[in-house]
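So you can see what is in the structure, the chains are spelled out below.
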Amino acid sequence: MKFNWIIDQARGNITKMCVDLEYELRPKIVRFLMARLEQECSGDFSNFYFDVNIKTREIRISNKTPESLAAKIRLEFESEINDTLKLSRIR
């Protein structure tokens, strides 16, 4: 799984913020994917790419993710995981 950080302007310690946020998001996304696609992906989620927009506090499934996988989780993912991101401590 890979994250693409979308940052509109330089902020203070942006690297630390992205690392902290990734540590918060990664386990939630892995649990989400395992609940829906563990058998299909055999626990290998390396084909999943996510765009994380710091300004809008949204995470989306990237176009780099194969559509066959993205289509299976898109609706649930965007509501469930974006709710988590909006409530996180991004500053």
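Enquirer: I would appreciate a short explanation of the sheet that holds strand 3 (residues 58-61) in the present structure.
Expert: Pairing between the strands of a sheet comes from backbone hydrogen bonds, and it takes one of two forms, parallel or antiparallel. With mixed pairing, three strands are arranged side by side in an open sheet as 1-2-3. Edge positions in the sheet fall to strand 1 (2-6) and strand 3, since each of these pairs with one other strand and no more. In this sheet, adjacent strand axes meet at a mean angle of 25° when their direction is disregarded. Where strand 2 (residues 49-53) meets strand 3, four bridges bridge the pair, whose relative direction is antiparallel. Each bridged residue has a counterpart across the sheet, and for asparagine 53 the counterpart in strand 3 is glutamate 58. Most of the contacts of helix 1 (residues 14-41) go to strand 1, to which it runs at about 135°, and overall it touches strand 1, strand 2 and strand 3.

Enquirer: Honestly, the environment of asparagine 4 in this entry has me stumped. Any pointers?
Expert: Examined against the element boundaries, asparagine 4 turns out to sit in strand 1. Assessed through its relative accessible area of 40%, asparagine 4 is described here as partly exposed. Distance from asparagine 4 to valine 52, taken between C-alpha atoms, is 6.0 Å for residues 48 residues apart in sequence. Within the structure, the side chain of asparagine 4 is placed 3.0 Å from the side chain of aspartate 51, a separation counted as a polar contact.

Enquirer: Got a minute to help me understand the pattern of salt bridges in this structure?
Expert: Between side chains of opposite charge, pairing is possible as soon as their charged atoms come close. The tally for this structure, following the rule as stated, stands at nine salt bridges. For glutamate 80, the salt bridge identified is with arginine 36, shortest N-O distance 3.3 Å. Of this pair, glutamate 80 sits in helix 2 (residues 67-87) while arginine 36 sits in helix 1, placing them 44 residues apart in sequence. Relative accessible area serves as the criterion here: at 39%, glutamate 80 is assigned to the partly exposed category. Classification of arginine 36 by relative accessible area gives partly exposed; the value is 30%. A salt bridge links arginine 74 to glutamate 67; the shortest N-O distance between them is 3.1 Å. Glutamate 67 sits in the partly exposed class, given a relative accessible area of 48%. Through salt bridges with shared partners, a single network forms among Arg36, Glu76 and Glu80.

Calculation criteria
Residues numbered from 1 in each chain as written. Predicted model: local features only at pLDDT ≥ 70, side-chain atom pairs only at ≥ 80, totals over all residues. Heavy atoms only, no water. Pairing = 2+ DSSP bridges. Helix = DSSP H or I, 4+ residues; strand = E, 2+ residues; numbered from the N terminus. Axes fitted to C-alpha atoms, helices over the stretch in contact; angles between N-to-C directions. Contact = heavy atoms within 4.5 Å. Buried < 20%, exposed > 50% of the residue type's maximum accessible area, 1.4 Å probe, protein only. Polar contact = N/O pair within 3.5 Å; in protein donor to acceptor, adjacent residues only side chain to side chain. Salt bridge = Lys/Arg side-chain N within 4 Å of Asp/Glu carboxyl O.

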